[in-house]
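Inside the fold
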Amino acid sequence: MVRARSSPVSTLVSRTTGIDAPAFAAAFDALSAPRMTWNAPDDALVFASGAAATLTASGPDRFAAIRSGADDLFDSGDVHAGTEAARPRLFGGFAFHEGGCDGDPWEPFPEARFVLPRVQVTFADNGAWLTVNAVGDDADPDAVEERLAAERDRIAGLPREGDRPPRPGIAATRRTTSREAWRESVEAAVDRIRGGDLRKVVLAQALEADLDAHFPRAATLDRLAEKYPDCHRYYFEPDAEGSAFFGATPERLVALRGRTVETDALAGTTGRGETPAEDEWLAQELLDDAKNVHEHELVADTVREQLEPFAASISAGERRVRRLATVQHLHTPITAELNADRHVLDLVEALHPTPAVGGLPPDRALETIHDTEPFDRGWYAAPVGWIDAAGNGAFAVAIRSAVATQSRATLFAGVGLVADSDPDREWDEVQLKYRPILDELEGGS
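Report follows, based on the coordinates. Fair warning: this is a prediction, and the values are worked out from it, not measured in the lab.

**So, the pairing of strand β15 (residues 252-257)**
Counting buried residues in β15 gives 5 out of 6 residues, a clear majority hidden from the surface. The pairing of β15 with strand β22 (residues 393-397) spans 4 bridges and is antiparallel. When the bridges of β22 are listed, R252 appears paired with A396. Pairing between β15 and strand β16 (residues 260-271): 3 bridges, direction antiparallel. Each residue of the ladder has a partner; that of R257, found in β16, is T260. Adjacent in sequence and paired antiparallel, β15 and β16 are bridged by 2 residues, among which G258 carries a positive phi angle near 65°.

Structure follows, in structure tokens:
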């Protein structure tokens, strides 16, 4: 059963103006909750606040319900965007699976939620832009123009620089999976793979961290941007009560512009070296490692198969090593030209979950995940991104992520298991994947 609801939809009015680029932290802190940010290597940085319209859905048809609500909203649009990057967009995400937001810390998060922000600030190649959106009773063009002028004046008055607060520090941590329970789970999954019931499954862990000081939201996002400029960085507040889901993921799920699709196969992991020579040695070992190459090829082959019903042509680049601050991954870029016009959510639904975060066959892998993991995944490893009026959009796989409140953060990380997976090596890989978020929480400037 699907439940879908939205704020009342009538005429959408959107107005945009160019502005002097504000300091990110000052502007972010000045925005009212709920807030969101989106930034990708090939996309503009956007941060936004408030909700001119909200779409939510649950159940197996949540992708279709969000698409229908988005179509209704954008079809009513009176939009003066000024520049393509600042056009009104819906930002949000989905739960990893149906019913996946029931447990702590996911209670504030619907199974699908997308927001058209009231205020949107965009940092694009051609400057900084302020967009104000209104829907329903607020959608009077003259009133929106007045709001736009008022917001522009408010942002212009913000300080250009400020001291960045230190990382909050961690007082205590709690694992949801003990090392012994992990070993038993991995061995059971490997037995199923060797017996032919599964080809691959991704199992995850969660780590709860009590913070020594309040979670510094803008400063954490700033630091992630500096350390992971080649990743998709995202931040979503589901309400005004204080929870936030954020991260810096190296994995793009899909980007659609017109009929051109870009996606990735990202699977197979090793650490970084202490020296350039060691780094190169680890990278070559990863490229030559049969277990990691097998895991990676399962993902790449499945992504191509999932795209085939939609595509006139598909091409894949050469498998390579992608280096991040704490880990290295096997990476294959994949592009396609569609055989017809499609909405980005058609592709999101077809590709999620990729074998990089779920497994093969998908149904049996999801059963194993559900039976094994002692926590709800919520939005972890699920699609997060944006949609525009043309049905274009960009979505990332929400890994290297956490849910944070003022005093606590819950981190998530997972690994792909195949027939020759070793429990202790997989445990160590999970700890590596915690580092992008954990490093930004542990104490220090």
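**Thoughts on the pairing of strand β10 (residues 127-135)**
With respect to burial, β10 is a largely interior element, 8 of its 9 residues being buried. Of the pairings in the sheet, the one linking strand β2 (residues 12-19) to β10 comprises 8 bridges and is antiparallel in character. By the bridge assignment for β10, S14 is matched with N133. Across 6 bridges, the pairing between strand β9 (residues 119-124) and β10 is antiparallel.

**Observations regarding the packing of helix α5 (residues 217-227) against helix α10 (residues 423-441)**
Running from N to C, α5 and α10 point in directions that differ by 130°, and their axes come no closer than 10 Å. Taken as axis vectors, α5 and α10 run oblique relative to one another. Of the two elements, α5 crosses α10, and the hand of that crossing is right-handed. Residues T220, R223, L224 and K227 of α5 form the contact with α10, whose own contacting residues are P436, I437, D439 and E440. Classifying every residue of the contact of α5 with α10 by side-chain character gives 3 nonpolar, 1 polar and 4 charged.

**Some remarks on helix α6 (residues 276-288)**
Taking 1.5 Å of rise per residue, the 13 residues of α6 would be expected to cover 18 Å, and the 18 Å separating its terminal C-alpha atoms lies within 8% of that figure. Within α6 the residues assigned to the buried category are D279, L282, A283 and L286. Within α6, the buried residues cover an arc of 100° as seen down the axis, which keeps them to one side. Away from the buried face of α6 by more than 90 degrees, exposed residues A277, W281 and D288 are located. In this structure, the buried side of α6 is in contact with β16, α7 (290-307), β18 (320-323) and β19 (327-338).

The rules we used
- Residues numbered from 1 in each chain as written.
- Predicted model: local features only at pLDDT ≥ 70, side-chain atom pairs only at ≥ 80, totals over all residues.
- Heavy atoms only, no water.
- Buried < 20%, exposed > 50% of the residue type's maximum accessible area, 1.4 Å probe, protein only.
- Helix = DSSP H or I, 4+ residues; strand = E, 2+ residues; numbered from the N terminus.
- Pairing = 2+ DSSP bridges.
- Axes fitted to C-alpha atoms, helices over the stretch in contact; angles between N-to-C directions.
- Parallel < 35°, antiparallel > 145°, perpendicular 65-115°, else oblique.
- Left-handed = near helix turned anticlockwise from the far one by under 90°.
- Contact = heavy atoms within 4.5 Å.
- Nonpolar A, V, L, I, M, F, W, Y, C, P; charged D, E, K, R; others polar.
- Expected span 1.5 Å × (residues − 1).
- Arc of directions from axis to C-beta.

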